[in-house]
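Survey of secondary and tertiary structure
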Amino acid sequence: MSLGTSKTAFLVPSRGLPQTGYNGPLMNSSDLALNSQFRVKCMKKRFSRYRDFIVCPSMLHSQLRTHQFHWRGVSFHDYKTYSRPWLKTCKGQQAENASGITTGDGNVSKHVNDVETSNLASNVISTNHSIEFEDVQAQQLKRKKEVLSSNITNGAITDSFDTIGLNSIEEEAWDLLRESVVYYCGNPIGTIAAMDPTSSNVLNYDQVFIRDFIPSGIAFLLKGEYDIVRNFILCTLQLQSWEKTIDCHSPGQGLMPASFKVRTVPLDGDDSATEEVLDPDFGEAAIGRVAPVDSGLWWIILLRAYGKCSGDLSVQERVDVQTGIKMILKLCLADGFDMFPTLLVTDGSCMIDRRMGIHGHPLEIQALFYSALRCAREMLTPEDGSADLLRALNNRLVALSFHIREYYWIDLKKLNEIYRYKTEEYSYDAVNKFNIYPDQISPWLVEWMPNKGGYLIGNLQPAHMDFRFFSLGNLWSVVNSLATEEQSHAILDLIEAKWSDLVAEMPFKICYPALDGQEWQIITGCDPKNTPWSYHNAGSWPTLLWQLTVACIKKKRTHIAAKAVEIAERRISRDRWPEYYDTKRSRLIGKQSRLYQTWSIAGYLVAKLLLADPSKANILITEEDSELVNALICAPRGKRGRKNLRQAYIV
């Protein structure tokens, strides 16, 4: 994580109408009428005896006390019973009352109702039981200290869960995932990034990241707990039209925040009350000040998964949600100076959120972009205002799929072609269209490329091919059919052939190989966190297990994912669920890795759930589109007349 924590609390404003980019009509008058309802504000009364505790910087809110890890001494339901009463009197004027939201079968989400039932039954805390509440808090704090102190040996904390006696790794993972849940006005809206009790430097790991929540949301969906995903979708939607600035410059409207935090702040004019506000970060507080390109794309993918899993299509059909989809598409489909159908983005705008030489057209963003376009096309309701947008969307899908399949693909055959490229070619029929110099082929690639298998390269720009293997982009290209059937199997063939490099002792390498020497110094700027075989520089990330599993299920090669999960289970719980692993064979826990990283936990759970029932992977998979295939066959080649420029695809 590199995004910083914003210091200012804000209230969610009304949604604004985008002014730039795609020129087609996006909203009608009914859309605008509903948009005025999006001011989200929540208030709660507090008892005077708890006032100092609530506003303490390290314990802003009972649901967000990232410095208190009650899961070490009490169960999930105990924890929620003790903390929930502060939220009882919370009064929110939201677009929809989330507490009344039901699951696809009409039942309210279980993990919320369990807590409410537990509160009513036990009556542990109320206005008449404040002394008992203080006793419970004191006991919990004492228990936490005892557990932590008993686990410290020679400066290292041993496996804490041996003392809790959980029955299995999965049960432990579920307990941890539920403990990471963040509440807003009494309703679950996401999960924090990490709950590491060994780190005093919280940074922004106590925030809800959109990309980090995706595996958490999918895990809850597969478990039948739909409310938290629905609440997350609607709450993040309200943050979409924020206009935060860097040096007086505002990013494009339609941008989704990288993360947000629920803050409890004093209510102006009333010392006995506080209010909860959602404080998003669009990159203005990030390390490097980079806006997230992938957040909106992941949001669309999760929205589709929610509808397919729960059967509740009413969310995606809402006018505000439809408008949110269109705003994201408008931002991504805007015309600019770029000549390629791929999205032009800067370094640090996706999962690899630090300088790693991926500026330009990184594969990860293109795979997510393609997937979001496919998902949006499924969910957009037919109306007059959507016709032009759908036409632009379909045109982009054809051009993007051709561009990636044709120019990003590399295998031994293609490597031989590049090795014999002629340069400085000028014509519509040039073979070496991007003027790639054969000397760019590194010795490692010639030795590493297997006889059977291939992959999509990491980046393509004029006179530059980034031959590194980037896992997320390749795996997601299999999932969403951006890669052809043959290419998809070849990617999995390569993973099997290079198992010792990409999996080794902990799945899964984020990229391969690592940058080192002078190349590392120049490309990363001597980044001490991205040293070779660490973090984003070819570190191993357990959260990638779930993407690997979905890709393997789609191609009916589940044995690959099952083997990877089995390897992860040998260490991941004992190592306390790290964010990432270091060294070429993933033998060491990352030197700056957070422990109890939520998306490491959720990624493992999603992989296990999908392997137990592979049919559930359909909520994430998009199959090959026959219309796209036909359009690709008929895509224009060669010289194009000026009259046809608006209809032609850039290939």
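Residues numbered from 1 in each chain as written. Predicted model: local features only at pLDDT ≥ 70, side-chain atom pairs only at ≥ 80, totals over all residues. Heavy atoms only, no water.

Here is the rule: UniProt positions are given in the numbering used here, feature names are shortened, and annotations may be inferred rather than shown by experiment.
Per an unreviewed UniProt entry, the chain is named Alkaline/neutral invertase, and its organism is Psophocarpus tetragonolobus. As recorded by UniProt, the Sequence similarities (unreviewed entry) comment attached to the chain reads in full: "Belongs to the glycosyl hydrolase 100 family." UniProt's Function (unreviewed entry) comment on the chain is quoted here verbatim: "Invertase that cleaves sucrose into glucose and fructose."

**So, the overall build of the chain**
Selection criterion: Where helices and strands are cited, they refer to DSSP runs of H or I of at least four residues and of E of at least two residues respectively, numbered from the N terminus. Using a 1.4 Å probe, accessible areas were evaluated by the Shrake-Rupley method; residue-level cover was limited to the displayed protein chains.
Looking only at helices and strands, the chain features 24 helices and 15 strands. Accessible area of the chain: about 26200 Å², with a carbon and sulfur share of 50%.

**A word on the pattern of salt bridges**
Formally: What makes a salt bridge here is a side-chain nitrogen of Lys or Arg within 4 Å of a carboxyl oxygen of Asp or Glu, nothing more. Accessible area is worked out with a 1.4 Å probe on protein chains only. A residue is then buried under 20% of its type maximum, exposed over 50%, and partly exposed in between.
Using the criterion set out here, one finds 21 salt bridges in the structure. For Asp320, the salt bridge goes to Arg318, with nearest N and O atoms at 2.8 Å. One salt bridge in this structure joins Arg468 and Asp466, with 2.7 Å as the shortest N-O distance. Its relative accessible area of 6% is what places Arg468 among the buried residues. Owing to a relative accessible area of 7%, Asp466 belongs among the buried residues under this scheme. Three or more residues joined by partner-sharing salt bridges are found here, namely Glu170, Glu569 and Lys608.

**Describing the sheet that holds strand β10 (residues 409-411)**
Formally: The pairing criterion for strands is at least two bridges between them, as found by DSSP. By the convention used here, residues are in contact when the closest approach between their heavy atoms is within 4.5 Å. Only the stretch in contact is used when fitting a helix axis, every axis being a line fitted to C-alpha atoms; angles between N-to-C directions are given from 0 to 180 degrees.
Pairing is antiparallel in the open sheet, where four strands are placed in the order β10-β11-β12-β13. Looking at the sheet topology across the chains shown, the edges are occupied by β10 and β13 (511-512). Pairing between strand β11 (residues 454-461) and strand β12 (residues 464-470): four bridges, direction antiparallel. In the strand pairing of β12, Gln461 is matched with His464. Of the strands in this sheet, β10 and β12 are in contact with helix α15 (residues 412-419), which crosses β10 at around 100°. Lying on the sheet, helix α18 (residues 485-497) is in contact with β10, β11 and β12; it crosses β11 at an angle near 105°.

**Comments concerning α15**
Rule in force here: Note that the arc is computed from the directions linking the helix axis to the C-beta atoms. We define a polar contact as two N or O atoms separated by no more than 3.5 Å, with the added condition that, inside protein, one atom must be a possible hydrogen donor and the other a possible acceptor, whereas residues neighbouring each other in sequence contribute only through side-chain atom pairs.
Buried within α15 we find Lys414, Leu415 and Ile418. Looking down the long axis of α15, one finds its buried residues gathered within 105° of arc, a one-sided arrangement. α15 presents Lys413 and Tyr419 as exposed residues on the side facing more than 90 degrees away from its buried surface. Elements that come into contact with the buried residues of α15 comprise α14 (387-408), β10, α16 (443-448) and β12. The opening residue of α15, the one whose side-chain oxygen lies 3.3 Å from the backbone nitrogen of Lys413, is Asp411.

**A word on the packing of aromatic side chains**
To keep things clear, this is the line we draw: For Phe, Tyr and Trp, where Trp contributes only its six-membered ring, two rings pair if their centres lie within 6.5 Å, and the inter-plane angle classes them as stacked under 30 degrees, edge-to-face over 60, or tilted in between. By the criterion adopted, a ring carries a charge over it if an Arg CZ or a Lys NZ lies within 6 Å of its centre and within 35 degrees of its normal.
The full count for this structure, using the stated rule, is 21 aromatic pairs. Ring geometry for Tyr407 against Phe434: centres 5.1 Å apart, planes inclined by 75°, an arrangement best described as edge-to-face. One end of the pair, Tyr407, is in helix α14; the other, Phe434, is in the loop between α15 and α16, with 27 residues separating them in the sequence. Grouping aromatic residues by their ring pairs yields a cluster made of Trp444, Trp448, Tyr455, Phe469, Tyr512 and Trp533. Over the face of the ring belonging to Trp499 we find Lys563, whose NZ or CZ atom lies 4.7 Å from the ring centre.

**Structural notes on the nonpolar core**
The tendency in soluble globular proteins is for nonpolar side chains to be buried side by side. Where we set the bar: Note on terminology: a nonpolar core comprises buried Ala, Val, Leu, Ile, Met, Phe, Trp, Tyr and Cys residues joined through side-chain atoms within 4.5 Å.
With 161 residues, the main nonpolar core has Trp299, Ile325, Tyr455 and Ile495 as its most contacted residues. Element by element, the count of residues in this core is highest for helix α13 (residues 363-379), at 11 residues. Ignoring any residue separated from it by four or fewer positions in sequence, one finds Ile495 in contact with Phe469, Leu475, Leu502, Phe508, Leu548 and Ile560.

**Details of the packing of helix α10 (residues 294-310) against helix α12 (residues 319-333)**
Note the threshold: Angle categories are assigned with fixed cut-offs, so that under 35 degrees is roughly parallel, over 145 is roughly antiparallel, 65 to 115 is roughly perpendicular, and the rest are oblique. By convention the crossing between two helices is left-handed if the near helix lies anticlockwise of the far one by an angle smaller than a right angle, and right-handed if it lies clockwise. Amino acids outside the nonpolar list (Ala, Val, Leu, Ile, Met, Phe, Trp, Tyr, Cys, Pro) and the charged list (Asp, Glu, Lys, Arg) are all regarded as polar, and Gly is one of them.
Their axes nearest at 10 Å, the elements α10 and α12 cross at an angle of 140°. As far as their axial angle goes, α12 and α10 are oblique. The way α10 lies across α12 gives a crossing that is left-handed. Side by side, α10 and α12 meet where Gly296, Leu297, Trp299, Ile300 and Leu303 of the first sit next to Val321, Gly324, Ile325, Ile328 and Cys332 of the second. Classifying every residue of the contact of α10 with α12 gives eight nonpolar, two polar and no charged.

**With respect to the environment of Ile192**
Positionally, Ile192 belongs in the loop between β6 (187-191) and β7 (208-209). With 13 residues separating them in the primary sequence, Ile192 and Glu179 have C-alpha atoms 9.3 Å apart.

**Thoughts on unusual backbone geometry**
With an omega of 10°, the peptide bond between Pro507 and Phe508 qualifies as cis. Tracing the sequence through the fold places Phe508 in the loop between α19 (499-502) and β13. Residues Tyr512 and Pro513 are joined by a peptide bond in cis, for which omega reads -5°. Within the fold, Pro513 resides in the loop between β13 and α20 (517-524). The phi dihedral of Ala504 falls on the positive side, at around 50°, and the residue is not glycine. As for its placement among the helices and strands, Ala504 is situated in the loop between α19 and β13. In this model, Ser586 sits at a positive phi of 60°, which is unusual for a non-glycine residue. Along the chain, the position of Ser586 falls in the loop between β14 (581-582) and β15 (588-589). The class of Ser586 is buried, set by a relative accessible area of 0%.

**A short note on the pairing of β11**
Within β11, eight of the eight residues are buried, which leaves the element mostly enclosed by the surrounding structure. In this structure, the hairpin formed by β11 and β12 is closed by a connection of two residues, where Ala463 is found at a positive phi of approximately 60°.

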